[in-house]
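Chain residues, written in single-letter form:
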Amino acid sequence: MCSAVSSIGSAAVSFASECLPKVGTILTTLGGSLGMVANVVVAVCQILSILRQDESAEDLGDRALQAAENGIRPENFDRYDDYLDSIRKFEVNPEKSAQYSPDTKAAAGMQVAISSLEDHFKTPVGALYGLPILIAMNKDFFNPDRLSALLKTTHDINAVVDYLDGRLGRSERATVETTLLKAEQSLTPEKNLADVKGDLREVAAKLEAQMNNVNT
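Residues numbered from 1 in each chain as written. Predicted model: local features only at pLDDT ≥ 70, side-chain atom pairs only at ≥ 80, totals over all residues. Heavy atoms only, no water.

Peer 1: Mind showing me how you'd approach empty space enclosed by the protein here?
Peer 2: Over the atoms, a rolling probe the size of a water molecule traces out where space has been left empty. What the rule picks out here adds up to two cavities of 30 Å³ or more. Empty space within the largest cavity amounts to approximately 40 Å³. Taken together, F141, F142, R146, L150, L180, A183, E184 and L200 make up the lining of the largest cavity. No other element matches the three residues that helix α11 (residues 170-187) contributes to the lining of the largest cavity. For the lining of the largest cavity, the class distribution of residues is six nonpolar, no polar and two charged. Each pocket or cavity is described by its volume, and for the second largest cavity that value is around 30 Å³. (1 Å grid on protein atoms, 1.4 Å probe; cavity = no way out; pocket = protein on both sides within 12 Å on 5 of 7 lines; lining within 4 Å. Points joined across faces, edges and corners; volume = space filled by probe spheres on them. Helix = DSSP H or I, 4+ residues; strand = E, 2+ residues; numbered from the N terminus. Nonpolar A, V, L, I, M, F, W, Y, C, P; charged D, E, K, R; others polar.)

Here it is in structure tokens:
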């Protein structure tokens, strides 16, 4: 699967080697599917009007994989939007589609969605790899609405993962917690700060305990 995803382009190589294995490990331990994670990432893109409402991770991935076989890759375009337009217009071969597993197509579609977000927010490659990791950790808490609110507050998603993984010092934890509180308050403006902070810390403690199980 990783080698197939890597064929999409240079950014996909990094995604396949750095992000996918971590997501796979979490899903193996905590349960869930790669397709579920991929579709949540795509849903975030749809909320932010980056991808179309009728687009799915599997279809985007299928198109990206088959287009890559024909030399259509992001690095061959001046703008990522032009690449997206190209794979949207690409005529897929049903026989080739059947050769790729649903997980492979979902993973490829997730990579397209992550690259779309990175292009939209002008972040470096890899800056948003934490998104699928957060979804794999807890899809109910890290739903599309919460993640889109978080992205409006910060693009340092990997720091949020480190926070929930218990890998930050006190001052760094305080900085990330402030960012999370801002995102939460935008979702639940009717709650006071103390209640939001209490809810967030309760969820964070549960997620950190889950990640301890993953890392052992």
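Once you've had a look at it, read on.
Peer 1: Explain the packing of helix α3 (residues 34-47) against helix α7 (residues 102-121) to me, please; I cannot follow it from the model alone.
Peer 2: When two helices pack together, their arrangement is given by the angle between the helix axes and by the axis-to-axis distance. One can describe the packing of α3 onto α7 by two numbers: an axis separation of 9 Å at closest approach and a directional angle of 25°. Put simply, α3 runs roughly parallel to α7. Regarding α3 and α7, the two cross each other, and that crossing is left-handed. Contact with α3, carried on its side by L34, G35, V37, A38, V41, V42, V44 and C45, involves D103, A106, A107, M110, A113, I114 and L117 of α7 and no other residues of that element. Here the contact of α3 with α7 is built from residues that sort into 13 nonpolar, one polar and one charged. (Axes fitted to C-alpha atoms, helices over the stretch in contact; angles between N-to-C directions. Parallel < 35°, antiparallel > 145°, perpendicular 65-115°, else oblique. Left-handed = near helix turned anticlockwise from the far one by under 90°. Contact = heavy atoms within 4.5 Å.)

Peer 1: Would you explain the packing of aromatic side chains in this entry?
Peer 2: The way to describe two aromatic rings as a pair is by their centre distance and the angle between their planes. The tally for this structure, following the rule as stated, stands at four aromatic pairs. Aromatic pair Y80 and Y83: ring centres 5.3 Å apart, planes at 55°, arrangement tilted. Taken together, the residues span about one helical turn, with Y80 and Y83 both in helix α5 (residues 80-89) at a distance of three residues. Comparing Y80 with Y83 shows no difference in burial state: the two are buried. Each residue in the set F77, Y80 and Y83 is aromatic and connected to the rest through ring pairs, giving one cluster. Taking NZ or CZ as reference, R146 lies 4.0 Å from the ring centre of F141, over its face. (Phe/Tyr/Trp six-rings, centres within 6.5 Å; stacked < 30°, edge-to-face > 60°. Buried < 20%, exposed > 50% of the residue type's maximum accessible area, 1.4 Å probe, protein only. Lys NZ or Arg CZ within 6 Å of the ring centre and 35° of its normal.)

Peer 1: Looking at this structure, I do not really get helix α9 (residues 144-151). What am I missing?
Peer 2: Since the α-helix packs 3.6 residues into each turn, any two residues three or four apart lie on the same face. With respect to burial, α9 is a largely interior element, six of its eight residues being buried. The elements touched by buried residues of α9 are α3, α7, α8 (130-137), α10 (157-164) and α11.

Peer 1: Would you mind going over the layout of surface pockets with me for this structure?
Peer 2: Of the volumes computed, that of the largest pocket is approximately 260 Å³. K22, I133, V161, D165 and R167 are the residues nearest the centre of the largest pocket, which is lined by 16 residues in total. Every element with two or more residues in the lining of the largest pocket is listed here: α2 (10-30), α8, α10 and α12 (193-215). The element best represented in the lining of the largest pocket is α2, accounting for five residues. Of the residues belonging to the lining of the largest pocket, the class tally is seven nonpolar, four polar and five charged.

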